[in-house]
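Residue-level structure breakdown
Below are the chains, spelled out letter by letter.
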Protein chains: 2
Amino acid sequence: MEQPASATSDERVFTACVIVIGNEILSGRTQDSNIAFLAGALNEAGVRLREARVIPDITATIIANVNDARAQFDYVFTTGGIGPTHDDITAASVAEAFGVKLLLNEEARALLQARYGDTPLNEARLRMAHIPDGATLIDNPISAAPGFKMENVFVLAGVPAIARAMFRSLRQHLIGGSSVLTRTVNCRLPEGTIAADLEAIQNRWPDIEIGSYPMWTNDGPATSLVLRGTDATRLDAAEADVTAMIVALGGEPMQLTPANPSVV
Amino acid sequence: MEQPASATSDERVFTACVIVIGNEILSGRTQDSNIAFLAGALNEAGVRLREARVIPDITATIIANVNDARAQFDYVFTTGGIGPTHDDITAASVAEAFGVKLLLNEEARALLQARYGDTPLNEARLRMAHIPDGATLIDNPISAAPGFKMENVFVLAGVPAIARAMFRSLRQHLIGGSSVLTRTVNCRLPEGTIAADLEAIQNRWPDIEIGSYPMWTNDGPATSLVLRGTDATRLDAAEADVTAMIVALGGEPMQLTPANPSVV
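The residue numbering used here restarts from 1 in each chain and proceeds along that chain's sequence as written. Chain labels run from A onward and ligand labels from 1 onward, assigned in the order the entries are written. Only residues with pLDDT of at least 70 are given local features in this predicted model, and only at 80 or more are side-chain atom pairs given and counted; all residues enter the totals for whole chains, interfaces and linings.

Notes on the pairing of strand β2 (residues 47–55) of chain A
In this scheme the burial state of a residue depends on its C-beta neighbours within 10 Å: 20 or more other such atoms mean buried, 12 or fewer mean exposed, and anything in between means partly exposed; the C-beta positions come from the backbone. By definition, any uninterrupted DSSP run of H or I lasting at least four residues is a helix, any uninterrupted run of E lasting at least two residues is a strand, and each is numbered from the N terminus. In terms of burial, β2 of chain A is a largely internal element, 9 of the 9 residues being buried. Summarising the sheet, strand β1 (residues 14–21) of chain A and β2 of chain A pair through 8 bridges and their orientation is parallel. By the bridge assignment for β2 of chain A, Ile 21 of chain A is matched with Ile 55 of chain A. Note on pairing: DSSP must find at least two bridges between two strands before they are called paired. Sheet topology places β2 of chain A next to strand β2 (residues 47–55) of chain B; 3 bridges connect them, and they run antiparallel. When the sheet's bridge partners are listed, Ala 52 of chain A is paired in β2 of chain B with Val 54 of chain B.

Encoded structure:
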């Protein structure tokens, strides 16, 4: 095999952290789906999700996590806790994290008033119009109550459909780098058989992240090998190495259902 | 309404943190289900999941998170990264976090050898028998390669079926307190209508955590109210308050599909 060209990428990498604020996730009541959605959507925007945290509806915990994450990552996305009830404490907590006041935002009030028509907004609904001083609103085309952006922190709803709609509203304002591209090769060889040769391939392609995921199918053990990187040419070449390795070990490179073909 | 008796619970509360180690979750390739499973299973064991983190396969990140979490919480559960390939770095990272050596464990080697029969274990499979010095093994009835417990840190596989089997293996060794009990009341009133009265009920029952979750159904907006606490009698009384509030506001307490009846 020829020596691969050295990695080209000293490109700026943009990173993100997702903070899921929700007792309902930590109690097991609700299966989170916002992390997986944001992971994929951020990657398409050229931003790498580096960490996700699920934390409870506790003001001090929200403040500590928001402040820690906004210093560490280019972008922070929170989900949850921006509704009208007593357990919706995200906006107040983010204001406190930034040391600014939580103010009635006239633009947000108008958006909510438009939704509720002639009915005056009660105190609970006005709560959803209170936004940290200096924040800009994120449009919510589903239920009107807006999210907001405060510096590099984006505050989204917890309801998945609304979180997704808000992400679409803010997407154009994100500055990212290259998207990470993926190649997947599956085979019916167990991980333990391919591990040594796979490690040699990983060492040969240090800028490509190679993940190995075991599966147990009705036809026996199998392995899914996932290659991730930003350079399509190098990714293709590394994939060819993986494919050749599988053949050399007596296996057959194959496609399985991408999601999760495991029957365990 | 009569004044409720004051909360009785100065009982010891046992806490946990889950650390999901996996680039495949952060890339959006795989939807995590271990957090939701462990949340529910821990609660049944009388342990409260207080935080969950999804972190990448990076040694320094794993070490920092394990050391931070084991100091903060009664129990730490990691999932992922204990297979035979180059990206399986959890055992070595946990050993480093505890400042102990990663050693070939004879018990683990025997378990793996029993699975692979007369075939000698290659270097990759022997990797799965390397366990931090001083750890005790956690049985893996599915694919033999064991998890392990190091002080208050439980290291489980990432494959959900194996993580669950390992949890069943270790469950009897967990010391917990009271399980958290749940009551759910739904209604077709929007959150903004019930927020003020609900907050008054929350203030009346400080030891009961009341969560409010909006839903958008084919028949319009609805709200799911979830009460959580350890005292069944107080929980029943608080639920009666919530039910009475819904009726007083012109709504009807009802059951919807518990999981997620939202059509948004």
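Comments concerning the interface of chain B and chain A
Listed as interface residues are 51 residues of chain B and, on the opposing side, 52 residues of chain A. Secondary structure elements with two or more residues in the side of chain B that touches chain A: α1 (23–26), α2 (34–44), β2, α6 (123–127), α7 (160–170), α8 (191–204), β10 (209–217) and β11 (220–229) of chain B. Ten residues, namely Ala, Val, Leu, Ile, Met, Phe, Trp, Tyr, Cys and Pro, are considered nonpolar, four, namely Asp, Glu, Lys and Arg, are considered charged, and the remaining ones, Gly among them, are considered polar. Of the residues in the side of chain B that touches chain A, the class split is 22 nonpolar, 16 polar and 13 charged. It is the C-beta atoms, placed from the backbone, that decide contacts: two residues are in contact if theirs lie within 7 Å.

What to know about helix α3 (residues 59–72) of chain A
It helps to recall that an α-helix has 3.6 residues per turn; residues three or four apart then point in one direction. All names here are of chain A. The end-to-end C-alpha separation of α3 is 20 Å, in line with the 20 Å expected for 14 residues at 1.5 Å each. Inspection of α3 places Ile 62, Asn 65, Val 66, Ala 69 and Arg 70 among the buried residues, and these make up the whole buried set. On an axial view of α3, the arc spanned by its buried residues comes to 120 degrees, and they lie on one face. Among the exposed residues of α3, those pointing more than 90 degrees away from its buried face are Ala 60, Ala 71 and Gln 72. Against β1, β2, β3 (75–79), α4 (90–98) and β8 (153–156) lie the buried residues of α3. Multiplying one less than the number of residues by 1.5 Å gives the expected span of a helix. The arc in question is the one spanned by the directions pointing from the helix axis to the C-beta atoms.

Focus: the nonpolar core
Only buried Ala, Val, Leu, Ile, Met, Phe, Trp, Tyr and Cys residues enter a nonpolar core, and they are joined through C-beta atoms within 7 Å. Counting 106 residues, the largest nonpolar core has Ala 16, Val 18 and Val 76 of chain A together with Ala 16, Val 18 and Val 76 of chain B as its most contacted members. Contact partners of Val 18 of chain B, with chain neighbours within four places excluded, come to Ile 35, Leu 38, Leu 49, Ala 52 and Phe 77 of chain B.

Describing the environment of Thr 61 of chain B
Within the fold, Thr 61 of chain B resides in helix α3 (residues 59–72). Remark: the alpha-carbon pair of Thr 61 of chain B and Ile 175 of chain B, spanning 114 residues in sequence, is separated by 28 Å.

Focus on the relation of the copies chain B and chain A
Once chain B has been moved 0.0 Å along the axis and rotated by 180 degrees, it coincides with chain A to within an RMSD of 0.0 Å. The relationship between the two copies is best expressed as a two-fold rotation axis. Residue Arg 53 of chain B, judged by its C-alpha, is the member of chain B lying nearest the rotation axis, at 2.2 Å. The fraction of interface residues of chain B whose copies in chain A are also interface residues reaches 100%, indicating that both copies meet through the same surface. Copy-to-copy alignment: least squares on C-alpha atoms, limited to residues at pLDDT 70 or above in both.

With respect to unusual backbone geometry
Phi at Glu 151 of chain A is positive, roughly 50 degrees, even though this residue is not glycine. By secondary structure assignment, the location of Glu 151 of chain A is in the loop between β7 (147–150) and β8. On the basis of neighbour counts, which here come to 12 C-beta atoms within 10 Å, the residue Glu 151 of chain A falls in the exposed class. In the Ramachandran plot, Ala 144 of chain B falls in the positive-phi region, its phi being about 75 degrees despite a non-glycine side chain. A count of 18 C-beta atoms within 10 Å places Ala 144 of chain B in the partly exposed class.

Describing the domain arrangement of chain A
As used throughout, domain bounds are those supplied by an automatic or database domain assignment. Considered domain by domain, chain A is made up of domain 1 (14–173) and domain 2 (181–248). Summarising the inter-unit geometry, the C-alpha centres of domain 1 of chain A and domain 2 of chain A are found 38 Å apart.

Let's talk about the sheet that holds β1 of chain A
Note on sheets: strands pair through backbone hydrogen bonds, and any given pair is parallel or antiparallel. Strand order across the open sheet formed by 12 strands is β6(A)-β7(A)-β8(A)-β3(A)-β1(A)-β2(A)-β2(B)-β1(B)-β3(B)-β8(B)-β7(B)-β6(B), with mixed pairing between neighbours. Of all strands in the sheet, those with a lone pairing partner are β6 (136–138) of chain A together with β6 (136–138) of chain B, marking the two edges. Direction aside, the axes of adjacent strands within the sheet are offset by 20 degrees on average. Alignment of strand β7 (residues 147–150) of chain B against strand β8 (residues 153–156) of chain B, held across 3 bridges, turns out to be antiparallel. Residue pairing in the sheet places Met 150 of chain B in a bridge with Val 153 of chain B of β8 of chain B. In this analysis an axis means a line fitted to C-alpha atoms, helices contributing only their contacting stretch, and an angle means the value between N-to-C directions, from 0 to 180 degrees. Together, β1, β3, β7 and β8 of chain A form the strand contacts of α4 of chain A, whose direction differs from that of β8 of chain A by roughly 170 degrees. Strands in contact with α7 of chain B are β3 (75–79), β6, β7 and β8 of chain B; relative to β8 of chain B, the strand with the most contacts, it is inclined by about 145 degrees.

Details of the environment of Ile 55 of chain A
As for its placement among the helices and strands, Ile 55 of chain A is situated in strand β2. Exposure remark for Ile 55 of chain A: the 23 C-beta atoms within 10 Å place this residue in the buried category. Each C-alpha atom of the pair Ile 55 of chain A and Tyr 116 of chain A lies 32 Å from the other, and the pair is 61 residues apart in sequence. Discounting residues that sit within four places of it in the chain, Ile 55 of chain A has contacts with Ile 19, Ile 21, Thr 61, Ile 62 and Asn 65 of chain A together with Glu 51 of chain B.

Describing the sheet that holds strand β9 (residues 181–187) of chain A
Residues and elements named next belong to chain A. Here we have 3 strands laid out as an open sheet, ordered β9-β11-β10, and antiparallel in their pairing. Edge positions in the sheet fall to β9 and β10 (209–217), since each has one partner strand and no second. With strand direction ignored, the average angle separating the axes of adjacent strands in the sheet is 20 degrees. Here β9 pairs with strand β11 (residues 220–229) via 7 bridges, running antiparallel. Looking at the pairing, Thr 182 lines up with Arg 228 of β11. Packed on one face of the sheet, helix α8 (residues 191–204) meets β10 and β11 and runs near 170 degrees to β10. Along the sheet face, helix α9 (residues 232–248) touches β9 and β11 and points at about 5 degrees away from the line of β9.

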